[in-house]
Structure formats: C-alpha cells, structure tokens
Amino acid sequence: MKLPNHTVCTSTPSPLGPITLAAAGEKLVGVWFEAQAHRPDLSGCAKASGHAVLERAARQLAEYFAGQRRQFELPLDLSSGTAFQQKVWQALLAIPHGQTCSYKTLSSTIGQPAAVRAVGGAVGRNPLSIIVPCHRVVGAGGSLTGYAGGLQRKAALLQLEGAL
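Quick caveat, the model's predicted, so the values are computed rather than measured.

Q: Describe the overall build of the protein chain, with residues and values.
A: Summing up its helical and strand segments, the protein chain has 5 helices and 6 strands in all. Counted from the first residue to the last, the protein chain has its helices and strands arranged as β-β-β-β-α-α-β-α-α-β-α. Over its C-alpha atoms, taken along the principal directions, the protein chain stretches across nearly 45 × 35 × 25 Å. Taken over 164 residues, the protein chain has a buried fraction of 49%. Total accessible area on the protein chain stands at roughly 7900 Å², and carbon and sulfur atoms take up 51% of it. Taking the average location of the 15 positive side-chain charges in the protein chain and that of its 8 negative ones, the two points are 10 Å from each other.

Q: Could you give me a rundown of the state of the cysteines, with the residues and numbers involved?
A: Throughout the structure, instances matching the rule amount to 1 disulfide. Disulfide partner of Cys-9: Cys-45, at an S-S distance of 1.8 Å. Looking along the S-S bond of the Cys-9-Cys-45 disulfide, the torsion reads about 105°, which is the right-handed sense. Of this pair, Cys-9 sits in strand β1 (residues 7-12) while Cys-45 sits in the loop between β3 (27-33) and β4 (46-47), and the two are 36 residues apart along the sequence. Under the relative-accessibility criterion, Cys-9 is labelled buried at 2%. Left without a disulfide partner, Cys-101 is nearest to the cysteine sulfur of Cys-134, which lies 12 Å away.

Q: Any chance you could break down the pairing of strand β2 (residues 19-24) for me, citing the residues and the numbers?
A: In the case of a regular strand, side chains alternate between the two sheet surfaces. Most of β2 is tucked away, with 6 of its 6 residues classed as buried. Covered by surrounding structure in β2 are Ile-19, Leu-21 and Ala-23 together with Thr-20, Ala-22 and Ala-24, the residues of both alternating faces. Sheet analysis places β1 next to β2, joined by 6 bridges and oriented antiparallel. Looking at the pairing, Cys-9 lines up with Ala-22 of β2.

Q: Tell me what's going on with empty space enclosed by the protein, and back it up with residues and numbers.
A: Evaluated as defined, the whole model comprises 1 cavity of 30 Å³ or more. For the largest cavity, the full set of lining residues is Gln-36, Val-123, Gly-124, Asn-126, Ser-129, Cys-134, Tyr-147 and Ala-148. Across the lining of the largest cavity, the residue classes break down as 4 nonpolar, 4 polar and no charged.

Q: Outline the packing of aromatic side chains, listing residues and values.
A: Within this structure, the stated rule accounts for 2 aromatic pairs. Measuring from centroid to centroid gives 5.3 Å for Tyr-64 and Phe-65, while their planes differ by 75°, and the two rings are edge-to-face. Judged by relative accessible area, which is 15%, Phe-65 ranks as buried. The interplanar angle of 40° and the centroid separation of 5.5 Å between the aromatic rings of Tyr-64 and Phe-72 together place this pair among those described as tilted. Classification of Tyr-64 by relative accessible area gives buried; the value is 1%. Taking the relative accessible area as the measure of exposure, Phe-72 reaches 19% and is therefore buried.

Q: Quick rundown of the pairing of β3? Include the residues and the values.
A: The buried fraction of β3 is high, at 6 of 7 residues. Connecting β2 to the next strand, β3, in antiparallel fashion are 2 residues, including Gly-25 with a positive phi near 65°.

Q: Describe the layout of surface pockets, with residues and values.
A: Within this model, the largest pocket holds a volume of roughly 240 Å³. Around the largest pocket, the lining comprises 13 residues; the ones closest to its centre are Arg-70, Gln-71, Phe-72, Leu-93 and Ile-131. A breakdown of the residues in the lining of the largest pocket according to their chemical character gives 9 nonpolar, 2 polar and 2 charged. What the second largest pocket holds in volume is close to 150 Å³. Lining the second largest pocket are 14 residues; nearest its centre among them are Met-1, His-38, Gln-85, Trp-89 and Arg-125.

Q: An account of the sheet that holds β2 is needed here, citing residue identities and associated values.
A: Spatially, the 4 strands line up as an open sheet ordered β3-β2-β1-β4, and their pairing is mixed. Among the strands making up the open sheet, the edge pair consists of β3 and β4.

Thresholds, definitions, all that
- Residues numbered from 1 in each chain as written.
- Predicted model: local features only at pLDDT ≥ 70, side-chain atom pairs only at ≥ 80, totals over all residues.
- Heavy atoms only, no water.
- Helix = DSSP H or I, 4+ residues; strand = E, 2+ residues; numbered from the N terminus.
- Buried < 20%, exposed > 50% of the residue type's maximum accessible area, 1.4 Å probe, protein only.
- Areas by Shrake-Rupley, 256 points an atom, 1.4 Å probe, with all protein chains shown as cover.
- Lys, Arg positive; Asp, Glu negative; His and termini not counted.
- Charge placed at Lys NZ, Arg CZ, Asp CG, Glu CD.
- Disulfide = S-S within 2.5 Å.
- Pairing = 2+ DSSP bridges.
- 1 Å grid on protein atoms, 1.4 Å probe; cavity = no way out; pocket = protein on both sides within 12 Å on 5 of 7 lines; lining within 4 Å.
- Points joined across faces, edges and corners; volume = space filled by probe spheres on them.
- Nonpolar A, V, L, I, M, F, W, Y, C, P; charged D, E, K, R; others polar.
- Phe/Tyr/Trp six-rings, centres within 6.5 Å; stacked < 30°, edge-to-face > 60°.

As structure tokens, this is what we get:
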C-alpha cells in the first residue's frame, strides 16, 4: 500500500498494543498494530498532533476497547486498494458487531463465490483494522484463521465483541 500524499500519523495506546493511525486530508486512511502484516512503510508519514480525524479515531477506539462503542463514525478513505479489494472492504463494513462471517459467505456476498482465496487476500490487506472489521471474518466452521494483526489479537477482539 502506498500512502496518499500529505498523510499524517499518530500512535494511540490500546489493550492489544500501540496502534498507528493515519489520515490524509479529512479522512482516515490507516489503522495498524505494530508489526502487523502488510503495514506500509510509515517512515515518510508526518507526525500529527491535534488532527481532528486522528483525535476522533483515537477517542472512538478507546471507547470501543472500553466496551462503550459498537460502531465507528469516521470518514474513511479506502481508495488505496484495487476495485476488488475495495468491494471486499465495503462488505466487511456490513458485518455487525458481535457477529462473524466466513470467507466463503463473504465471497458470495460480493457476488464472487469462487473467489474465496482472493477475498482472503483482500481481507488481510485491509488498511483500517478494527474500524473496517476484518477480524470478524473466520474460517469454515468458525475456526480462527488469518489476521494480519495476529490470531491472539483477532481472538481478543472477537471476545471483546462477544462473538467468541
């Protein structure tokens, strides 16, 4: 993933480790755990303090981890992905808090039932972890498989939401 021009970043604490937040203009473009797979090179990202979208995202994530928020209300920019990835990421937004969906079901939801592996790849490259709830996608039979932030974090997020 290539970050948009003029991207600004900040870090916020969480019970699952520090989270980096990135915004371009007035939209959130990234939410990544440290050492997360597919995390872009953030060395060129300007550090921001007082950025309205980043502050809102940090506050809403803190509320989420405290069990006080079930939905995020943030302006998102998912344009960093391919058309296929964007379609998958939009479908992730429809998975309700406290519920899970299989990769196969997600593939069918986007009208491409044979694209299970491609859907898995797109889910893994979701640039807005937690906000775009890729952690809610599970393997056949509900098994915990694949999460760019690590399976322990995936399990913790699903437990927080009451899905495990």
